[in-house]
Amino acid sequence: MVRCWKRSETTELEDSQRMDEGPTVSCQFPHKAFWVTLSATLLLVIIALGVRGHLWVRQPDAQVVRITVPDLTGTLINQSALVDKHNDLVTYSVTSPANHTSTVLFDIKHGLICYKPMNQETCYLSKMERSDYENMQSLLQQSMQTVLLGNETQRQTEFLGVMGGSQVDVSTLEEPLQALCRHSSIHWTRRQDGPGKQRLVYFCIDICFPSNICVSVCFYYLPE
């Protein structure tokens, strides 16, 4: 915006010299208002670009990875993994053909695995081993559904013995484990070579990882 006005106060000498030129017009450009407006506009543009870049670069903290693989009988295993990278948590939901769901929670930050079998008010804890960390690392790198071919999948069975007299107070656990096992009894387990003939296998949970490994985790009670 340019402000202009006519100059009316002149001296007699100036009047005599400018009789033929007409009235004088003076113009002034508002430099201060222009620079303030320009600075505000640039600031808004920078903020808008920064917000857009942050939203574009930032990845979601939690995502669902679905893994499909046939079991030994050819039936597809229905399972999904909720990956929470912000809290270092991976929650598996494994659904049986009878539509019963078991939950396996990997607490990577504290190095714990919690098993919540279907139709049971019991949770089982074990400590993560090197192979568990490797499987979780392969899962954290996934961002979409993963299909494992049966002839490329390595299958193995792990036995976890439920130790007698090892019940855990739920209040001593971290919040993710508390939420999963709030109304359940909790027991520690330890890895064993096998159940032995005199020990009864309680149940098994099949878990498949994107690293082409499927594990059948079977629980049994150790003699007290």
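Residues numbered from 1 in each chain as written. Predicted model: local features only at pLDDT ≥ 70, side-chain atom pairs only at ≥ 80, totals over all residues. Heavy atoms only, no water.

The chain carries the name BRICHOS domain-containing protein 5 in an unreviewed UniProt entry, which gives Salvelinus namaycush as its organism.

Asker: Quick question: what am I supposed to make of the overall build of the chain here?
Answerer: For the chain, the helix and strand inventory stands at four helices and 13 strands. Scored against the burial criterion, the 224 residues of the chain give a buried share of 34%. (Helix = DSSP H or I, 4+ residues; strand = E, 2+ residues; numbered from the N terminus. Buried < 20%, exposed > 50% of the residue type's maximum accessible area, 1.4 Å probe, protein only.)

Asker: Please explain the layout of surface pockets as it appears in this structure.
Answerer: Empty pockets left among the atoms are what a rolling probe the size of a water molecule brings to light. Considering only enclosed or pocket space, the largest pocket measures out at about 300 Å³ in volume. Val 94, Thr 95, Ser 96, Pro 97 and Asp 206 are the residues nearest the centre of the largest pocket, which is lined by 15 residues in total. When contributions to the lining of the largest pocket are tallied by element, the ones reaching two or more residues are strand 4 (76-84), strand 5 (89-95) and strand 12 (201-209). Taken together, the residues of the lining of the largest pocket break down into seven nonpolar, six polar and two charged. (1 Å grid on protein atoms, 1.4 Å probe; cavity = no way out; pocket = protein on both sides within 12 Å on 5 of 7 lines; lining within 4 Å. Points joined across faces, edges and corners; volume = space filled by probe spheres on them. Nonpolar A, V, L, I, M, F, W, Y, C, P; charged D, E, K, R; others polar.)

Asker: Hey, could you run me through the UniProt feature "transmembrane region" (unreviewed entry) in the chain in this one?
Answerer: Residues annotated in UniProt with the feature "transmembrane region" (unreviewed entry) correspond here to residues 33-51 and 200-222. Along residues 200-222 one finds 0% helix and 78% strand; the C-alpha atoms at either end are 9 Å apart. (UniProt positions renumbered as here; feature names shortened; annotations may be inferred.)

Asker: Help me understand the pairing of strand 4, please; the structure alone is not making it clear to me.
Answerer: In regular strands, side chains alternate between the two faces of the sheet. Summarising the sheet, strand 3 (residues 62-70) and strand 4 pair through nine bridges and their orientation is antiparallel. In the strand pairing of strand 4, Pro 70 is matched with Leu 76. With seven bridges connecting them, strand 4 and strand 5 associate as antiparallel partners. By the bridge assignment, Gln 79 is partnered in strand 5 with Val 94. Where strand 4 hands over to strand 5, the hairpin turn is made up of four residues, of which Asp 88 adopts a positive phi near 55°. (Pairing = 2+ DSSP bridges.)

Asker: Can you help me understand the sheet that holds strand 11 (residues 185-192) in this one?
Answerer: Within a sheet, adjacent strands bond to each other through the backbone by hydrogen bonds, running parallel or antiparallel. Here we have 11 strands laid out as an open sheet, ordered 9-3-4-5-6-7-8-11-10-13-12, and mixed in their pairing. The open sheet has two free edges, formed respectively by strand 9 (146-147) and strand 12, since each of these has just one partner strand. Examined bridge by bridge, strand 8 (residues 122-127) and strand 11 share four bridges and lie parallel to one another. The partner of Leu 125 across the bridge, within strand 11, is Trp 188. In the packing of helix 3 (residues 130-140) onto the sheet, contacts are made with strand 3, strand 4, strand 5, strand 6 (101-107), strand 7 (112-116), strand 8, strand 11, strand 12 and strand 13 (213-221), and the angle to strand 5 comes to roughly 90°. (Contact = heavy atoms within 4.5 Å. Axes fitted to C-alpha atoms, helices over the stretch in contact; angles between N-to-C directions.)

Asker: Explain the state of the cysteines here, please?
Answerer: A covalent bond between the sulfur atoms of two cysteines is what we call a disulfide. For the structure on display, the rule yields three disulfides. Among the cysteines of the chain that take part in disulfides, numbered as they appear in the sequence, the pairing is 1-2, 3-6, 4-5. Residue Cys 114 stays outside any disulfide, its sulfur separated by 3.3 Å from that of Cys 181, the closest cysteine. (Disulfide = S-S within 2.5 Å.)

Asker: Would you explain the side chain of Lys 116 in this entry?
Answerer: In this structure, Lys 116 sits in strand 7. A polar atom in the side chain of Lys 116 sits 2.5 Å from the backbone oxygen of Gln 120. Leave out the neighbours within four places in its chain, and Lys 116 touches Ser 102, Thr 103, Glu 121, Thr 122, Cys 123, Leu 180 and Ser 184. (Polar contact = N/O pair within 3.5 Å; in protein donor to acceptor, adjacent residues only side chain to side chain.)

Asker: Got a minute to help me understand unusual backbone geometry in this structure?
Answerer: The phi torsion at Asp 88 lies on the positive side, around 55°, for a residue other than glycine. Structurally, Asp 88 is set in the loop between strand 4 and strand 5. The backbone of Asn 212 sits at a positive phi, close to 65°, despite the residue not being glycine. The residue Asn 212 is located in the loop between strand 12 and strand 13 in this model. Given a relative accessible area of 25%, Asn 212 falls into the partly exposed group.

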